[in-house]
Amino acid sequence: MQRKELRCGTFADVTPFAAPDPKTREMAGFDVDLCRAIAKRWGVEAKISPLSVEARVPEVKLGRVDITVANLAYTLGRAEQIQFSDPYYLAKEMLAVKASDPGATKADFKGKRLASTKGSTSELAIKLNESDPLTFVDTGSAYMAVQQNKAVGMVANTMTITKLVNESKTAGQPLKMIEEPMALQPIGIGMKKDEPALLAKVNETLLALDQAGEINQLWDKWLGPATEFKMTRTDKVVPLSQLKFTPLP
């Protein structure tokens, strides 16, 4: 408040959360808009700091950003290092396999080789399912592994899997998404530990934005039915303790 500036860490280049706009080169996306909505409620400017995937936790832990809004999933390991706000949506790790595959539940793929990005919560979800992970640096390579029969399926977040399943219908071998999630992940805002006033303020603001319908508006703009992701937000901002899920390590 004294600085009149909220330093907000986001992804550097992960659409639709935060990426440079091709026309303006300004950072744009759901997480960028959420940072700005919080800053506006506080009467301060939002300073957007693009971060790598790996830097999301260290940068906030070191105090270089005030908050990290970067599709940050609650895990036990992260919760030891930073504190999390109340989640504003429940992300799902989903499995895509060939449309011709008879499998219908995640148990059907126990012991099978599944592709994902390396070091991701998708890889953790594969291991928790007692499947065999085949990892790559990006989701495009994981997708090609399925197309080239190097893996039975691939695991990623709902947005990515929805997009790839849709694309597969017109190019390559068609894929389908298994309806049962591989893992559930509450997505929250990351903050430095031992800052109770900041945590309370962020939670209060998230709840107010949700009740005013502003989070749904941002969601529809970037991820909603009229976008390529075609996702409807049904989640509400609630305390972590009210959610039924198994935290990833």
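What the rule picks out here adds up to 10 salt bridges. Among the salt bridges present, the one from Asp33 reaches Lys221, with a minimum N-O distance of 2.9 Å. One end of the pair, Asp33, is in helix H1 (residues 30-42); the other, Lys221, is in helix H8 (residues 214-222), and 188 residues separate them in sequence. Assessed through its relative accessible area of 51%, Lys221 is described here as exposed. For the salt bridge of Glu123 with Lys127, the shortest nitrogen-to-oxygen distance reads 3.2 Å. With a gap of four residues between them, Glu123 and Lys127 both fall in helix H4 (residues 121-128), about one helical turn apart. Judged by its relative accessible area of 47%, Lys127 falls in the partly exposed class. Each of Arg3, Arg7 and Asp66 takes part in one network of salt bridges that share partners.

Confidence in the prediction for the protein averages 94 pLDDT; 100% of positions are at 70 or higher. Mean pLDDT in the protein bottoms out at helix H6 (residues 158-168), which sits at 89, and peaks at H1, which reaches 98.

Core analysis: the biggest nonpolar cluster contains 39 residues, and Phe30, Leu34, Ile67 and Tyr88 have the highest contact counts within it. Those elements that provide at least two residues to this core are strand E1 (5-11), H1, strand E5 (67-73), strand E7 (89-98), strand E12 (183-191), helix H7 (196-211) and H8. For this core, the leading source of residues is H1, giving eight residues. Among all residues touching Leu34, those that are not within four sequence positions of it are Val69, Tyr88, Leu206, Leu209, Ile215 and Leu218. Ala96, Ala156, Ile161 and Leu164 belong to the second largest nonpolar core, which has 14 residues in total.

The rules behind each value
Every chain's residues receive numbers from 1 upward, in the order its sequence appears when written. Given that this is a predicted model, residues contribute local features only at a pLDDT of at least 70 and side-chain atom pairs are listed and counted only at 80 or more, while totals for whole chains, interfaces and linings are drawn from all residues. Side-chain metrics in this entry use all non-hydrogen atoms of the structure; hydrogen atoms and water are not considered. When a carboxyl oxygen of Asp or Glu is within 4 Å of a side-chain nitrogen of Lys or Arg, the pair counts as a salt bridge. Going along the chain from the N terminus, every DSSP run of H or I of four or more residues is numbered as a helix, and every run of E of two or more is numbered as a strand. Accessible area is worked out with a 1.4 Å probe on protein chains only. A residue is then buried under 20% of its type maximum, exposed over 50%, and partly exposed in between. Scored between 0 and 100, pLDDT is the confidence that the predictor attaches to each residue. Here, nonpolar core refers to any group of buried Ala, Val, Leu, Ile, Met, Phe, Trp, Tyr and Cys residues whose side-chain atoms link them within 4.5 Å. The criterion used for residue contact is that any of the two residues' heavy atoms lie within 4.5 Å.

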